[in-house]
Each structure stands twice: as C-alpha cells, then as structure tokens.
Amino acid sequence: MSRFLRDELLGLAPYTPGEQPSERKYIKLNTNESPFPPSQKAVAAAAEAAKSLQLYPPLDGGELRLKLAEHLGVSYEQVAVTNGSDEALNFIFKAFCGKSSPAAFADITYGFYKVFAGLNGVPFDIIPLREDFRLAPEDYFGIDRNIFIANPNAPTGLKISLSDIEKIASSNPDKITVIDEAYVDFGGESAVPLISAHPNLIVVQTFSKSRSLAGARVGFAVASPEIIADLYRIIYSTNPYNLSRTNLAAALGALSDGDYTLSNCKKIIRTRERVAGELKKLGFRVLESSSNFLFASSPKIGGKQLYSRLKSEGILIRHFDSPRISDFVRITIGSDGEMDEFLKAAAKILD
Ligand code: PMP
C-alpha cells in the first residue's frame, strides 16, 4: 500500500476471486464457469468483430441492448448492458446507495456486495440467513434499505419465490430491491416480469454462466426506464465504451443460439442431480441447488481439508473460511467426466 492511498480506502477488503492457477492443469470446479465452450455463433461473431478493433465499439451496448430487450420482453430503455454483471452491481451501488441510503444483504451471499458497499462508502446491514441457510423474506419487510439478493443464492444454491420477491420490493417502496440472477437459468425463476408492477426492482443477469462467456465479461441490468437512465449516467461518467466490440459480438452470437444454451443448462442440471445423489450416498449433507454448483458438507472431513486434499489430487473446488459455512465446500458442476473424477477422488479421501 502506498502512502498516497486515500483514507476512505484504507479499510477496504477487496473481493477474493476463486483461484485461476496456471502452474498445472486442474479439473476446475471452483469458479462456476461452464464446462462447455461458447456457442460457435459467439466465437464466429467475435472473430468477425475483431477485424474492426481499430474503431471504438458502439455506445449503449449497440445491437445487444436491442436484442436483449426483445428477448426479455421489455423495452430498449429498460436494459443497461455492462462489463460483466459485477459492473452492473457496482454501478447500482454508485447510483442508488450512499450514507443516507444504506444497503442490506444476507450474511451468506455473493461476497462482492460487501466489497462494493466498502468501495462506494455505503453503510450496510447484514441480515443472517436462517439456521437452514434459507432467506426468510419477512426479515426484509419494511426495512427501508437498498436490498441485494442473489436468487438463486451463492454459495448456497437455494432460491426464493417470486411472490416473496414481490413482497420484499413492495414493502420497501422508497428503496431499490436488486435481484442478482447470475444462476437463474439452472432452475430459478426470473423476476423480470415483475418489473412493470414494481418500479423499485432491478434484475441483474450475466452471460458468464449459462452462456459460457465468463471470459468475455458481459452482464446486464433490467429495470424501469428511469432507473436504467440513472445507470447510463454512471456508465457515461465512467467509461461510455464499457464493452469491447468482441465481447458485444460474442454476447449477440450467444443470445442468438438459445437452443445451445438450453441444452447445456439441461445437461448441467442432470449432472448436478446425479452428483448430489452420489454425494449423499457418501454421507454428505447437500443443499438443494437451483444453480450450477452444489454446496455440501461431510461429517467426516472439514471443508478446508477436503478442499486441500482434492487440490493435491488435481481437482479445484471452493472453500470459504467464513463463520457458519467453514464445514462446507462449493463444487461447480463440470462435465460428466470431470464429475466422475471428482466423485472418485472424494470417495477415496473419505475412505
Ligand atoms: N453475481 C453472482 C451471485 C455471482 O456468483 C457472480 C460470479 N462470480 C456474479 C454476480 C458476477 O458475474 P460476472 O461479473 O461474471 O457477470
């Protein structure tokens, strides 16, 4: 740290991303990436777009914004396209949260909410999940906070219903409710149709998971035209060219290949259910997942130890050294072959 860092950032604890090792080849089940390559349409469109990289990219997400609006059944003015959904979340904090407009989120949820709150000087309340890791909607009723909920949640994989989301949003009408749907395509239900009746609701999604484009960095926010205009104020005050030509093109290609996305999601869900069953046979407690990962604990071995032992076997999973969940590990659903390797190694370690 230099002596020039401003005082407000001295206490900031940055987000810790999952490991991205280069020293050896691992079976990578630690960052919720897709085991499947991007759609051929995405790859071809990105290659074509690369031929024009001497030019700045289109503003406002170009054609992607239009096609996303069509795809979601909302107007063009209701979509903001961002560099990964992390950028959408950061810009939501910047636009709507502050000292007089605090945030609230669960104790066990996506770690970046706390980081963005810290980065943007936003006070926040932590609302603990219940004993069984479920989010109790009534804990959020009338709290008058800007609420951030991942649905399905990470790292638990548990989801809440749309009617609970409606109740939360309508009981906090003077603050925003943000539903982060990074994993919605693996068994969740999108809150986008609720937006017309709830002007304080913002839905955030990503191309990183179900559309196999984590490396491209494309996300988006859906909300009322007024909220989206506020987000574009932030985009135009930060970097109007927030998406490159190649990532816009890749996302457009992926969006046009809905069959491929759907078939990959079905495969991942099928594999998830199989692996959950096998882990239970090995004595694991496995939370009911609606995402592309499982959150599981074994009475025989601590989370950290299981993570380390699997790592030495060439398999990377994620362990969070946090209160309440240190016995658990998060396992991304890979291909069937990768999951067989994982199950074999887990069974050997437990033996
Ligand atoms: N929300 C949640 C709940 C996530 O797990 C992630 C991925 N780490 C993101 C948002 C951000 O994804 P991206 O920036 O790749 O769109």
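Residues numbered from 1 in each chain as written. Predicted model: local features only at pLDDT ≥ 70, side-chain atom pairs only at ≥ 80, totals over all residues. Heavy atoms only, no water.

Student: What am I meant to see in the overall build of the protein here?
Tutor: Assigned secondary structure in the protein consists of 10 helices and 12 strands. For the protein, whose C-alpha radius of gyration is 20 Å, the value lies close to the compact-globule estimate of 20 Å for 351 residues. A principal-axis box enclosing the C-alpha atoms of the protein has dimensions of 55 × 50 × 50 Å. The long-range share in the protein, meaning contacts at least 24 apart out of those at least 6 apart in sequence, stands at 73%. Accessible surface, the protein: about 15,900 Å² in total, of which carbon and sulfur atoms supply 52%. (Helix = DSSP H or I, 4+ residues; strand = E, 2+ residues; numbered from the N terminus. Rg over C-alpha atoms; globule rule 2.2 N^0.38 Å. Contact = heavy atoms within 4.5 Å. Areas by Shrake-Rupley, 256 points an atom, 1.4 Å probe, with all protein chains shown as cover.)

Student: Mind showing me how you'd approach the packing of aromatic side chains here?
Tutor: The geometry of two aromatic rings is summed up by the distance between their centres and the angle between their planes. Within the structure shown, the criterion is met by 16 aromatic pairs. Ring geometry for Tyr113 and Phe148: centres 5.8 Å apart, planes at 40°, overall tilted. A residue pair is termed long-range when its members are at least 10 positions apart, and Tyr113 in helix H4 (residues 112-119) and Phe148 in strand E5 (residues 146-150) qualify at 35 residues. Like Tyr113, the residue Phe148 is buried in the burial classification. Cluster of aromatic residues (ring-pair linked, three or more members): Tyr15, Phe93, Phe105, Tyr110, Phe112, Tyr113, Phe116, Phe124 and Phe148. Cation over ring: Arg65 sits above Tyr76, and NZ or CZ is 4.0 Å from the ring centre. The ring of Phe293 carries the charged tip of Arg330 above its face, separated from the ring centre by 5.6 Å. (Phe/Tyr/Trp six-rings, centres within 6.5 Å; stacked < 30°, edge-to-face > 60°. Buried < 20%, exposed > 50% of the residue type's maximum accessible area, 1.4 Å probe, protein only. Lys NZ or Arg CZ within 6 Å of the ring centre and 35° of its normal.)

Student: Even after reading the chapter, I still don't get the domain arrangement of the protein, so can you show me in this structure?
Tutor: By a widespread convention, an interface's size corresponds to the accessible area lost as its parts come together. Each assigned domain of the protein is listed with its residue range as follows: domain 1 (10-37 + 258-350) and domain 2 (40-255). Look at where the C-alpha atoms of domain 1 and domain 2 centre, and you get two points 24 Å apart. Opposite the 31 residues of domain 1 that make contact, domain 2 presents 35 residues. Summing both partners gives a buried area of about 2,400 Å² for domain 1 against domain 2, and 62% of it is carried by carbon and sulfur. Arg324 is paired through a salt bridge with Asp107; the nearest N and O atoms lie 2.7 Å apart. (Domains from an automatic or database assignment. Buried area = accessible area lost by both parts, 1.4 Å probe. Salt bridge = Lys/Arg side-chain N within 4 Å of Asp/Glu carboxyl O.)

Student: Sorry, what's going on with empty space enclosed by the protein here?
Tutor: Rolled over the atoms, a probe sized like a water molecule indicates the empty space that remains. Tallying each qualifying case throughout the model produces one cavity of 30 Å³ or more. Quantified by volume, the largest cavity comes out at close to 110 Å³. Considering the residues around the largest cavity, the lining is formed by 16 residues, among which Leu129, Leu135, Ala150, Asn153 and Leu158 are closest to the centre. Looking at side-chain class alone, the lining of the largest cavity contains 10 nonpolar, four polar and two charged residues. (1 Å grid on protein atoms, 1.4 Å probe; cavity = no way out; pocket = protein on both sides within 12 Å on 5 of 7 lines; lining within 4 Å. Points joined across faces, edges and corners; volume = space filled by probe spheres on them. Nonpolar A, V, L, I, M, F, W, Y, C, P; charged D, E, K, R; others polar.)

Student: For this particular structure, what's the right way to read the pattern of salt bridges?
Tutor: Two side chains carrying opposite charge are able to pair once their charged atoms lie near each other. Inspection of every chain in the model, using the stated rule, returns 19 salt bridges. Residues Arg274 and Asp336 are paired through a salt bridge, measuring 3.0 Å at the closest nitrogen-oxygen approach. Highlighted residues: Arg274 in helix H8 (residues 258-281) and Asp336 in helix H10 (residues 336-350), separated in sequence by 62 residues. One salt bridge in this structure joins Lys344 and Glu341, with 3.7 Å as the shortest N-O distance. Separated by three residues within a single helix, Lys344 and Glu341 lie in helix H10, roughly one turn from each other. The exposure class assigned to Lys344 is exposed, which follows from its relative accessible area of 56%. A relative accessible area of 37% means that Glu341 is categorised as partly exposed. Each of Arg274, Asp336 and Asp340 takes part in salt bridges that share partners, so that together they form one network.

Student: Explanation requested: the site of the ligand in the structure shown.
Tutor: Every residue near the ligand is listed here: Gly84, Ser85, Asp86, Tyr110, Asp180, Ala182, Tyr183, Thr206, Ser208, Lys209 and Arg217. At a separation of 3.1 Å, an oxygen atom of the ligand approaches a polar backbone atom of Asp86. In this structure, Asp180 approaches the ligand through a side-chain N or O atom, which is 2.6 Å from a nitrogen atom. Out of a free accessible area of 400 Å², the ligand has 91% covered by protein chains. Put simply, the ligand lies in the largest pocket. (Near = heavy atom within 4 Å. Polar contact = N/O pair within 3.5 Å; in protein donor to acceptor, adjacent residues only side chain to side chain. Sits in = over half its atoms within 2 Å of the grid points.)

Student: It is not clear to me how the nonpolar core should be interpreted in this structure. Could you clarify?
Tutor: Most often, soluble globular proteins have nonpolar side chains that are buried together. The biggest cluster of nonpolar side chains holds 80 residues, and the ones touching the most others in it are Leu64, Ile92, Phe93, Phe148, Ile202 and Phe207. When residues of this core are assigned to domains, at least three fall in each of domain 1 (10-37 + 258-350) and domain 2 (40-255). The next biggest cluster of nonpolar side chains, apart from the first, holds 34 residues, and it includes Leu29, Leu294, Ala296 and Val329. (Core = buried A, V, L, I, M, F, W, Y, C linked by side-chain atoms within 4.5 Å.)

Student: How do you make sense of the environment of Ser39 when you look at a structure like this?
Tutor: Looking at where Ser39 falls in the secondary structure, it is placed in the loop between strand E1 (27-28) and helix H1 (40-50). Note on Ser39: relative accessible area 3%, which makes it buried. Residues Ser39 and Asp257, spaced 218 residues apart in sequence, show a C-alpha to C-alpha distance of 6.8 Å. Discounting chain neighbours no more than four positions away, the residues touching Ser39 are Gly253, Ala254, Asp257 and Tyr260. Of note is the side chain of Ser39, whose polar atom sits 2.9 Å from the backbone nitrogen of Lys41.

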